[in-house]
Amino acid sequence: MRSISEDISQYGFVRRVWLCMTRKLPPSLSHLDELNWEILIVTGDDVTDYFAIVCSGGKIIASTALIELHSSDVELATMLAHEVAHIMARHGVEMCTKVELISMIDCVLNLFVLIDFYETCEFEADYIGLLLMAAAGYDPRQAPKFYEKMTMFDEPVKFPLLARFLDSHPSSKERAKAVARPEIMQEALILYKDARGRRGVE
Ligand SMILES: [Zn+2]
């Protein structure tokens, strides 16, 4: 059972990091301002309540449990940047097109195509999110730690094919590894140093 959280301190924390992150973004990303961003925190009491999602209009829904787990500014910025990245990459629109296409083809095997697509979206949002948080002045070297913390929810895989069929998200271990890849981290570090330079703190 989930309900809207009334935890004012958590809303205050999210609002502070959100403003801090969005104010520091470079002018080239000012079009993101046009969306009607809103963050809703929900509360619940089982393990699946560690989640965050974003709707195409700009509404981010995150659980209290996930925010408590990632209680530092940089961790929350990693999570928020990932959700914003889904919007930037228009994953919602692409997802609808793909689902429509697959329902037309009507073949179970095509579910694998859809799951592959979900995974690609997650990796893509992790990558764009990494660049976004770095451009906002958050240290991208902290992002792999965010995903490593989530590995406690990675299930031991007994039947990889079945697990692949049932789970649309890549494992947190894979995601931590992907954002830590040197070529990606290097790109993010350039943006991070540039952001720090703009603020004259380094
Ligand atoms: Zn995602």
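Residues numbered from 1 in each chain as written. Predicted model: local features only at pLDDT ≥ 70, side-chain atom pairs only at ≥ 80, totals over all residues. Heavy atoms only, no water.

The name given to the chain in an unreviewed UniProt entry is M48 family peptidase, and the organism recorded there is Medicago truncatula.

A. Geometry of the pattern of salt bridges. A full pass over the atoms with the stated rule returns 7 salt bridges. The partner of E38 in a salt bridge is K59, and the shortest N-O contact between them spans 3.9 Å. One end of the pair, E38, is in strand β2 (residues 38-43); the other, K59, is in strand β4 (residues 59-63), and 21 residues separate them in sequence. Residue classification places E38 among the partly exposed positions, given a relative accessible area of 38%. By relative accessible area, K59 is classed as partly exposed at 31%. Across the pair R181 and E183 runs a salt bridge, and its minimum N-O distance is 2.9 Å. Residue classification places R181 among the partly exposed residues on the basis of a relative accessible area of 38%. Here the residues in one salt-bridge network are E122, D126 and R175, joined through shared partners. (Salt bridge = Lys/Arg side-chain N within 4 Å of Asp/Glu carboxyl O. Helix = DSSP H or I, 4+ residues; strand = E, 2+ residues; numbered from the N terminus. Buried < 20%, exposed > 50% of the residue type's maximum accessible area, 1.4 Å probe, protein only.)

B. How the structure looks around the pairing of β2. By the bridge criterion, 2 bridges tie strand β1 (residues 3-4) to β2 in an arrangement that is antiparallel. What sits directly across from I4, in β2, is V42. Here β2 runs beside β4; their pairing, made up of 5 bridges, is parallel. By the bridge assignment, I39 is partnered in β4 with I60. (Pairing = 2+ DSSP bridges.)

C. Just the packing of aromatic side chains, in detail. One pass over the structure, following the stated rule, counts 2 aromatic pairs. When the centroid spacing of 5.3 Å and the interplanar angle of 55° are considered together, the rings of W18 and W37 count as tilted. In this pair, W18 is assigned in helix α1 (residues 8-23) and W37 in the loop between α1 and β2, connecting sequence segments 19 residues apart. Each member of the pair, W18 together with W37, is buried. Consider the rings of F146 and Y147, whose centres lie 4.9 Å apart with planes at 80°: the pair is edge-to-face. Here F146 matches Y147 in class, with each residue buried. Taking NZ or CZ as reference, K24 lies 5.0 Å from the ring centre of Y138, over its face. (Phe/Tyr/Trp six-rings, centres within 6.5 Å; stacked < 30°, edge-to-face > 60°. Lys NZ or Arg CZ within 6 Å of the ring centre and 35° of its normal.)

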